[in-house]
Amino acid sequence: MSKRIVVDPITRIEGHLRIEVVVDENNRIIDAYSSSTMWRGIELILKGRDARDCGLLAMRICGVCTGTHYQRSIEAVEHALGITIPTNARLVRNLIQGSLYLHDHVVHFYHLHALDWVDIVSALKADPYKAAKEAENYSENPWLNSPNHYKAVQQRLKKFVEAGRLGPFANAYWGNKSYKFTPEQNLIATAHYLEALEAQRWMAQMMAIYGGKNPHPQSIVVGGVTCVQDIKNPARAALFKELLLKSRDFILRAYIPDIIMAGQVYKDEALNGVGAGLGNYLAYGGFRLDDNPMYKGKTLFPSGVVLNKDLSKVIPLNQEKIVEDVTHSWYRYEGTDKPLHPFDGQTNPEYTGFDKDGLLKVQEKYSWIKAPIYDDNRVEVGPLARMIVGYASGDERIKSYIDKALKLAGLPITALFSTVGRTAARAIETWMMSDIMIEWTDQLASNAAKGNLDTWTKFDYDKLTKGKELKGYGLEEAPRGALGHWVRIVDGKVANYQAVVPSTWNAGPRDYKGRMGAYESALVSNTVLSNPEQPLEILRTVHSFDPCIACAVHVIDTKGRELGEYRVEPVGGMCYVG
């Protein structure tokens, strides 16, 4: 007999996510539903504004991926205006975005996802000497690897336990049968969890050097970047590179070895495709490597679509084939019941609530996230999609990193189609990113040394927009996946604005054909709960996508009451204070 299990809220994510699953008598998940329980609506705030201001507002969609929303919004306007930015601006944007990748992926694995794999309490039983020896199986030079160091980590944990103040380690499913690490392996990963708290600071500092601050950087403008003095000053470039090399060291000696360890220990789940999901992958492509006009040149990540796990074929990406459906979303479309392209997108809330038992009305509307569709296919986006599309495209750089990682773990390429593979793909691209960022850093420093400080392309906004209707989009690979901002500008003001974010692609509900979104599909892919009262396997698979539901939601009163109504009138694109 089947039963429904509700996990609400899903913790260790940004935002508000509810998962409901149906399990059979063998505790196998046979159906799943993903629901964002709060509304965003920022697109409505942007209407009527000077398009050059959109970036500073759009970055407030999220407190995690601030810089990447900022850049995509700016690039959407640049695309509409036909602006190509200078080389230095391209390099700076790549470095800010690359720093976000390093920071986001390290924080995700250790502080948001590791506790799905690592039994913290088990680490108290470990032999520190055996742990030091075990670490050498995954790295020639493991991070801070010594028995004394592991003893110190155990003492810290013991004090937490004895004081009853477990902090982030409280209320977890310690001892669950789904945990597979030995006590020594748990101790290694726990030590790295604590050390990553320091390492992530270096990566945040990197974002701030060229971004001005972090979060919410402010150095990017339509036409280029404003951080001329930081580019000009050799000390700033040297500090950035020092932090980058320290970060890379942690990635190579802690993060990658921990992923290899997890891949070996959880290899059965990888080989059995637990959490595989849709098997369809989309990547917009990202990180421009030359100065050709937007979407005309080479990128670090290739764009394209791979369907049905077929690595022999990559379908070229066409953004015109992207639509959003609201059949099962708490929105309504005026004048049509068909999915809409973002240029024609609408943001009309229509909340219909839960059923009388407090469960989702899964046959009706049940989420504040829309259901994105590409060419009538539901797809997954994110690091795994980037690696799959890159590998299938024959990209030599991406193939080399994937092949090296899989060889170290002793796994075939098909192991990537799993929760384990999705987690590994994020680490593999972090490894690759930490390497190529050194090249970008040196290029920028070389340009400055030669006296090339060009950072902005001059343009006449009024001349380009007066009396015209313009359309533009900014497509890029954010850390969590394909991120797109679409803007329609009429006479210099925003007439429509839509953002389709990674967690919209992945967390979306059923579409008009009843097809599952990526989270939902992944949960019904060979997932069996070892203990329905401790749904660790649900968290493990959902967390592998690195959910960020803040990209889909904003504020509402817990009782559903209207808090207030505000009207903000744009005044010539200026902000008046007084």
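Our structure's up above, just so we're on the same page.
Just so it is clear, the model here is predicted, and its values are computed rather than measured.

### Looking at the overall build of the chain
Piece 1. Counting secondary structure elements, the chain contains 17 helices and 14 strands.
Piece 2. Over its C-alpha atoms the chain spans a radius of gyration of 24 Å, differing by no more than 12% from the 25 Å that the globule rule assigns to 578 residues.
Piece 3. By its C-alpha atoms, the chain is 70 × 65 × 55 Å across when sized along the principal axes.
Piece 4. Split into buried and exposed, the 578 residues of the chain put 59% on the buried side.
Piece 5. Intrachain contacts of the chain at a sequence separation of at least 6 include 75% that bridge at least 24 residues.
Piece 6. For the chain, the exposed area adds up to about 23,200 Å²; of that, 50% sits on carbon and sulfur atoms.
Piece 7. The averaged location of the 67 negative side-chain charges in the chain is 2 Å from the averaged location of its 68 positive side-chain charges.

### Things to note about the sheet that holds strand β14 (residues 493-500)
Piece 1. Spatial strand order, β12-β13-β14: three strands in an open sheet with antiparallel pairing. Where the open sheet ends on each side, the last strands, each with one partner, are β12 (469-478) and β14. Between one strand axis and the next, the sheet turns by 15 degrees as a mean value, whatever way the strands run.
Piece 2. Across seven bridges, the pairing between strand β13 (residues 481-490) and β14 is antiparallel. Residue Trp 486 lies in a different strand from β14, and its bridge partner there is Gln 498.
Piece 3. Relative to the sheet, helix α3 (residues 66-81) contacts β12, β13 and β14, its axis offset from that of β12 by approximately 145 degrees.

### Considering the side chain of Glu 380
Piece 1. Of note, Glu 380 is situated in the loop between β11 (371-374) and α11 (383-392).
Piece 2. Side-chain polar atoms of Glu 380 contact the side chain of Arg 422, separated by 2.9 Å.

### Section: the environment of Tyr 295
Piece 1. When you line up the elements, Tyr 295 lands in the loop between β7 (286-288) and β8 (299-301).
Piece 2. Relative accessible area serves as the criterion here: at 36%, Tyr 295 is assigned to the partly exposed category.
Piece 3. Separated by 180 residues in the primary sequence, Tyr 295 and Leu 475 have C-alpha atoms spaced 8.8 Å apart.
Piece 4. Among the polar contacts listed, one links the side chain of Tyr 295 to the backbone oxygen of Tyr 473, at a separation of 3.2 Å.

### Considerations on the environment of Gly 492
Piece 1. If you trace the backbone, Gly 492 turns up in the loop between β13 and β14.
Piece 2. The exposure class assigned to Gly 492 is buried, which follows from its relative accessible area of 4%.
Piece 3. A C-alpha to C-alpha distance of 8.3 Å links Gly 492 and Arg 49, two positions 443 residues apart in sequence.

### Some points on the layout of surface pockets
Piece 1. Reported here for the second largest pocket is a volume of approximately 450 Å³.
Piece 2. As for the second largest pocket, its lining consists of 24 residues, of which Tyr 284, Tyr 295, Lys 296, Thr 299 and Ser 303 are closest to the centre.
Piece 3. Looking at the lining of the second largest pocket, the elements with two or more residues in it are β7, β8 and β12.
Piece 4. Looking at the lining of the second largest pocket residue by residue, the class counts come to ten nonpolar, eight polar and six charged.

### Thoughts on helix α5 (residues 128-135)
Piece 1. For α5, every residue scored as buried is listed here: Pro 128, Ala 131, Ala 132, Glu 134 and Ala 135. Along the long axis of α5, the arc covered by the buried residues comes to 160 degrees, so they all point the same way. Among the exposed residues of α5, those oriented more than 90 degrees off its buried face are Tyr 129, Lys 130 and Lys 133.
Piece 2. For α5, the secondary structure elements touched by its buried residues are α6 (147-163) and α7 (183-211).
Piece 3. The backbone nitrogen of Tyr 129 lies 2.8 Å from a side-chain oxygen of the residue at the head of α5, namely Asp 127.

### What about unusual backbone geometry?
Most peptide bonds adopt trans geometry, and most residues besides glycine take a negative phi value.
Piece 1. Here the amide bond leading from Asp 8 into Pro 9 is cis, since omega sits at 0 degrees, within 30 degrees of zero.
Piece 2. For Pro 9, the position within the fold is in the loop between β1 (3-7) and β2 (17-23).
Piece 3. Here the bond from Asn 214 into Pro 215 is cis, since omega is 0 degrees, no more than 30 degrees from zero.
Piece 4. Mapping Pro 215 onto the fold places it in the loop between α7 and β4 (220-221).
Piece 5. Look at His 216: it is not a glycine, yet its phi comes out positive at around 55 degrees.
Piece 6. What makes His 216 buried here is its relative accessible area of 18%.

### As for the nonpolar core
Piece 1. Of all hydrophobic cores here, the largest spans 121 residues; its most connected members are Tyr 110, Tyr 210, Phe 250, Phe 301, Met 433, Met 437 and Trp 440.
Piece 2. The biggest single contributor to this core is helix α13 (residues 419-449), with 14 residues.
Piece 3. Setting aside residues up to four positions removed in sequence, Phe 301 forms contacts with Tyr 101, Gly 285, Gly 286, Phe 287, Arg 386, Met 387, Ile 398, Glu 429, Met 432, Met 433 and Glu 477.

### Thoughts on a nonpolar patch on the surface
Piece 1. A surface patch of nonpolar side chains, amounting to about 190 Å² of accessible area, comprises Val 121, Leu 124 and Val 161.
Piece 2. Along the chain, the position of Val 121 falls in the loop between α4 (87-113) and α5.

The rules behind these values
Residues numbered from 1 in each chain as written. Predicted model: local features only at pLDDT ≥ 70, side-chain atom pairs only at ≥ 80, totals over all residues. Heavy atoms only, no water. Helix = DSSP H or I, 4+ residues; strand = E, 2+ residues; numbered from the N terminus. Rg over C-alpha atoms; globule rule 2.2 N^0.38 Å. Buried < 20%, exposed > 50% of the residue type's maximum accessible area, 1.4 Å probe, protein only. Contact = heavy atoms within 4.5 Å. Areas by Shrake-Rupley, 256 points an atom, 1.4 Å probe, with all protein chains shown as cover. Lys, Arg positive; Asp, Glu negative; His and termini not counted. Charge placed at Lys NZ, Arg CZ, Asp CG, Glu CD. Pairing = 2+ DSSP bridges. Axes fitted to C-alpha atoms, helices over the stretch in contact; angles between N-to-C directions. Polar contact = N/O pair within 3.5 Å; in protein donor to acceptor, adjacent residues only side chain to side chain. 1 Å grid on protein atoms, 1.4 Å probe; cavity = no way out; pocket = protein on both sides within 12 Å on 5 of 7 lines; lining within 4 Å. Points joined across faces, edges and corners; volume = space filled by probe spheres on them. Nonpolar A, V, L, I, M, F, W, Y, C, P; charged D, E, K, R; others polar. Arc of directions from axis to C-beta. Core = buried A, V, L, I, M, F, W, Y, C linked by side-chain atoms within 4.5 Å. Patch = residues over 30% accessible without salt bridge, like charges linked within 9 Å, V, L, I, M, F, W, Y side chains within 5 Å. Salt bridge = Lys/Arg side-chain N within 4 Å of Asp/Glu carboxyl O.

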